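# Overview (structure and organization)
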Amino acid sequence: MKIYIDKIKRRLLLWWLSKMKNPAANKIANAIYASIKKDLNKQEQQWVECIENLRSELQENQKQVSITDYGAGQSDSTYSDEEMYEGKVHTTTVAEICRTSSKRDIWALILFKLVREFQPNICLELGTSLGFSAAYQAAAQRINNHGQVITLEGAQALVALSQQNFTKLKLDNISVVGGKFQDTLSAAIDQANQPIDYAFIDGHHDKEATLRYFEILLPKLADKALVIFDDINWSEGMRIAWHKIVTHEQIKLSIDLNAIGICMLDSELKGKLNLRIPF
Ligand SMILES: C[S@@+](CC[C@H](N)C(=O)[O-])C[C@H]1O[C@@H](n2cnc3c(N)ncnc32)[C@H](O)[C@@H]1O
């Protein structure tokens, strides 16, 4: 029953967003709606198939990889900043990484459709892993005929694997920056050499770290920039971080989709809209 009610609520909220006198809200609604409906043109469909074929291949890949994780660990971990900076080494397989840390299905499509709708010049991503979300965003930019992805990853093994994956997909509009976000974010923003009009934060799900990255990004964002945060409800700390972000005076529009949160700057907008769409 709850699933049914949520579905109706979702449809109504998306319809309302699509009718608002706010082009950004309309574009976000279109992107989400098209992703739910899997409404893709032929070129979009071809890219999605290509990326998903690679995913199917990697899901069977039992090659062992040693990963240093600089993130927050589990949702109830209490690592200090020093411990996270030091990192935790563990051995896993490509298949397991593919299964546990890559954006898939509706979420990957939403990123793809947002890039199609907003046509950003730069997609700055924190957290590459095997490169699936970067590939979706870069493929959308290829269809847009402009734009590049700059994606940051701490684990060296994943930097190498993601680069192999981008080569396989013939996506040459992605640059992978290896190193901890703490050390690489500011330089990556400078590398973009223009205001950042789109960012996807999908790594280091720690409250303080997420807020720090947001503060570093904020002065470098274009007006009307779109910033997407992953796992906003993953832990108490991430819920607090998301709340602080959406109540920031420069954020004029925010949409909580449970797994991800989308927010937008827009100095021309007078009011503020914080919305939760059930997913
Ligand atoms: C959830 S995964 C990213 C998934 C990817 N965006 C996708 O959907 O295909 C998060 C990645 O962020 C990286 N990461 C986490 N904390 C980091 C930090 N402080 N510095 C650099 N990389 C970090 C991890 O190594 C991991 O590969």
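Right, let's walk through the structure included here. (Residues numbered from 1 in each chain as written. Predicted model: local features only at pLDDT ≥ 70, side-chain atom pairs only at ≥ 80, totals over all residues. Heavy atoms only, no water.)

Here we come to unusual backbone geometry. Of note in the backbone geometry, Asn193 takes a positive phi value of approximately 60° without being a glycine. Residue class for Asn193 comes out exposed when judged on its relative accessible area of 69%. Phi angles above zero are rare outside glycine, and Asn258 is one such case at about 75°. By the element assignment, Asn258 lies in the loop between β8 (251-256) and β9 (260-265). (Buried < 20%, exposed > 50% of the residue type's maximum accessible area, 1.4 Å probe, protein only. Helix = DSSP H or I, 4+ residues; strand = E, 2+ residues; numbered from the N terminus.)

As a structural note, the neighbourhood of the ligand is formed by 22 residues, with Lys103, Gly127, Ser133, Glu153 and Asp202 the closest of them. The separation between a nitrogen atom of the ligand and a polar side-chain atom of His204 is 3.1 Å. Considering the ligand on its own, with 600 Å² of exposed area, one finds that the protein chains cover 93% of that surface. (Near = heavy atom within 4 Å. Polar contact = N/O pair within 3.5 Å; in protein donor to acceptor, adjacent residues only side chain to side chain. Areas by Shrake-Rupley, 256 points an atom, 1.4 Å probe, with all protein chains shown as cover.)

Right, let's get into helix α2 (residues 23-37). Between the first and last C-alpha of α2 there are 21 Å, a value that for 15 residues agrees with the 21 Å anticipated at 1.5 Å per step. Three or more residues of α2 are buried, namely Ala24, Ala25, Asn26, Ile28, Ala29, Ala31, Ile32, Ala34 and Ser35. Where α2 begins, one side-chain oxygen reaches toward the backbone nitrogen of Ala24, 3.0 Å away; that side chain belongs to Asn22. Once α2 finishes, Lys38 follows within two positions and takes phi at roughly 55°, a positive value. (Expected span 1.5 Å × (residues − 1).)

This part covers the sheet that holds strand β10 (residues 273-276). Ordered in space as β5-β4-β3-β6-β7-β9-β8-β10, the eight strands form an open sheet in which the pairing is mixed. Strands at the two margins of the open sheet, each flanked by one partner only, are β5 (174-178) and β10. Sheet twist, expressed as the mean angle between neighbouring strand axes with direction ignored, is 15°. (Pairing = 2+ DSSP bridges. Axes fitted to C-alpha atoms, helices over the stretch in contact; angles between N-to-C directions.)

Here we come to the packing of α2 against helix α6 (residues 105-118). Direction vectors running N to C along α2 and α6 enclose 140°, while the axes themselves pass 8 Å from each other. Judged by the angle between their axes, α2 and α6 are oblique. By crossing handedness, the relation of α2 to α6 is classed as right-handed. Packed against α2, whose contacting residues are Ala24, Lys27, Ile28, Asn30, Ala31, Ile32, Ala34, Ser35 and Ile36, the element α6 presents Ile106, Leu109, Ile110, Lys113, Leu114, Glu117 and Phe118 at the interface. (Parallel < 35°, antiparallel > 145°, perpendicular 65-115°, else oblique. Left-handed = near helix turned anticlockwise from the far one by under 90°. Contact = heavy atoms within 4.5 Å.)

Next up on the list: the environment of Asp230. Turning to its location among the elements, Asp230 is positioned in strand β7 (residues 221-230). Contacts of Asp230, omitting those with residues within four sequence positions, involve Lys103, Phe200, Ile201, Asp202, His205, Met238, Ala259 and Ile260. Among the polar contacts made by the side chain of Asp230, one reaches the side chain of Lys103 at a distance of 3.1 Å.

This brings us to the packing of helix α3 (residues 42-58) against α6. Contact pair α3 / α6: the axes reach a minimum separation of 12 Å and the direction vectors enclose 145°. When you trace α3 past α6, the crossing you get is right-handed. Every residue of α6 that contacts α3 at Glu44, Val48 and Arg55 is listed here: Ala108, Leu109, Phe112, Lys113 and Arg116. In terms of residue class, the contact of α3 with α6 is made up of four nonpolar, no polar and four charged. (Nonpolar A, V, L, I, M, F, W, Y, C, P; charged D, E, K, R; others polar.)

Scanning the entire structure with this criterion turns up five aromatic pairs. Between the aromatic rings of Trp107 and Phe279, the centroid separation amounts to 5.2 Å while the plane-to-plane angle is 55°, which identifies the pairing as tilted. Taken together, the residues Trp107 in helix α6 and Phe279 in the segment after β10 connect sequence positions 172 residues apart. You can call Phe279 partly exposed: its relative accessible area is 31%. Ring plane angle 65° and centroid distance 6.2 Å describe the contact between Phe229 and Trp242, whose orientation is recorded as edge-to-face. (Phe/Tyr/Trp six-rings, centres within 6.5 Å; stacked < 30°, edge-to-face > 60°.)

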